Amino acid sequence: MTVRHLRTLEDLTSDELAALLDRADVLAAERGRHGRPLRGRSVAILLEKASTRTRLSFEVGAHELGALPVTLLARDTQLGRGEPLEDTARMLSGYVHAVVYRTFGHDRIETLCAHATIPVINGLSDRYHPCQLLADLQTIRAEKGRLAGLRVAWVGDGNNMAHSWILAAARAGLRLRLATPEGYAPDPSVLARGRELGADVSVGHDPQWAVENADVVTTDVWASMGQEDEARRRAEAFAAFQVDTALMKAAASEAIFLHCLPAHRGEEVAAEVIDGPWSRVWQEAANRLHAQKALLEFLMS
Ligand code: CP
Ligand code: NVA
């Protein structure tokens, strides 16, 4: 039997994605009452970067499905002392039934997949954050009743989240506009791949253009994990890219605001937006649990 992974949203077909979101809704509605389909199984959560939501959603999610979650902070493991990732993959495959991996270079996700015989879930790499998008899509669908044809505006860095939105646009039929500062556009190869998969996506440098008629406005931190040294330079480059009240008012009248969190009020988002009537960030964060449960069930059953 072939082992399925979630490296990027490309690993799910559009139909699988829709079914997974349906299941996430059911698991949310039946929380505390649904069965424990993963009883007797175990999931490793291997973290090379900080995490709050990803760790919590997989730990609590695995527990609620009957599985044992085991979190490994890489710096406290032999991996952190130089044990090869390939050997770690082989070893993990003998203990647990899936592994969630948060790392830096996306090539490390691929290496784990190449040497593991269990499903590998990308819990964030420098290039993609597919688990976050599952929750984001679930949140949008609950709010708007559909995904196909909706207009999404990305304002900010062309980073792992922006890349994931590009693939989400392909898989869910979203119409995506990304506005980034010059020099911070998404990787052209991700853009090309998204378009090859059918994504309706355009890229520019004007936040006003991006949010025109947008149903969803979203952003992310200006300096991601691993980019702390660039924070000052980025703050200057991104100064005109804050999602503030004026920008939200330029979007569609019923527009909602999403952010994967953690957020920096007064940088990428104004407090009045993230704490105001447009914001759905707490539903979005809570949906990580339901979406990750649906994903564990899909890959491990
Ligand atoms: N959004 C997200 O992945 O949050 P954490 O970094 O807290 O896991
Ligand atoms: N782009 C951010 C997302 C954090 C969830 C980062 O990579 O740090």
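The structure reproduced in this document is the subject of the present report. Because the structure is a prediction, the values reported are computed rather than measured.

## Describing the site of ligand 2
Every residue lining ligand 2 is accounted for by Leu124, Asn159, Asn160, Asp220, Val221, Ser224, Met225, Cys260 and Leu261. In the environment of ligand 2, a nitrogen atom lies 3.4 Å from a nitrogen or oxygen atom belonging to the side chain of asparagine 159. Here aspartate 220 contributes a side-chain N or O atom positioned 2.6 Å from a nitrogen atom of ligand 2. The residue inventory of the shell around ligand 2, partitioned by class, reads five nonpolar, three polar and one charged.

## Considering the sheet that holds strand S9 (residues 256–259)
The pairing of strands in a sheet comes from backbone hydrogen bonds and takes either a parallel or an antiparallel form. With parallel pairing, five strands are arranged side by side in an open sheet as S7-S6-S5-S8-S9. Unpaired on one side and paired on the other, strand S7 (200–204) and S9 mark the two borders of the sheet. Taken pair by pair, the neighbouring strands of this sheet meet at an average axis angle of 20°, ignoring direction. The sheet contact formed by strand S5 (residues 151–155) and strand S8 (residues 216–219) spans three bridges and is parallel. Across the sheet, valine 152 pairs through a bridge with valine 216, a residue of S8. On top of the sheet, helix H6 (residues 160–172) reaches S5, strand S6 (175–179), S7, S8 and S9; it is set at about 160° to S6, its chief contact.

Thresholds applied
- Residues numbered from 1 in each chain as written.
- Chains lettered and ligands numbered in written order.
- Predicted model: local features only at pLDDT ≥ 70, side-chain atom pairs only at ≥ 80, totals over all residues.
- Heavy atoms only, no water.
- Near = heavy atom within 4 Å.
- Polar contact = N/O pair within 3.5 Å; in protein donor to acceptor, adjacent residues only side chain to side chain.
- Nonpolar A, V, L, I, M, F, W, Y, C, P; charged D, E, K, R; others polar.
- Pairing = 2+ DSSP bridges.
- Helix = DSSP H or I, 4+ residues; strand = E, 2+ residues; numbered from the N terminus.
- Axes fitted to C-alpha atoms, helices over the stretch in contact; angles between N-to-C directions.
- Contact = heavy atoms within 4.5 Å.

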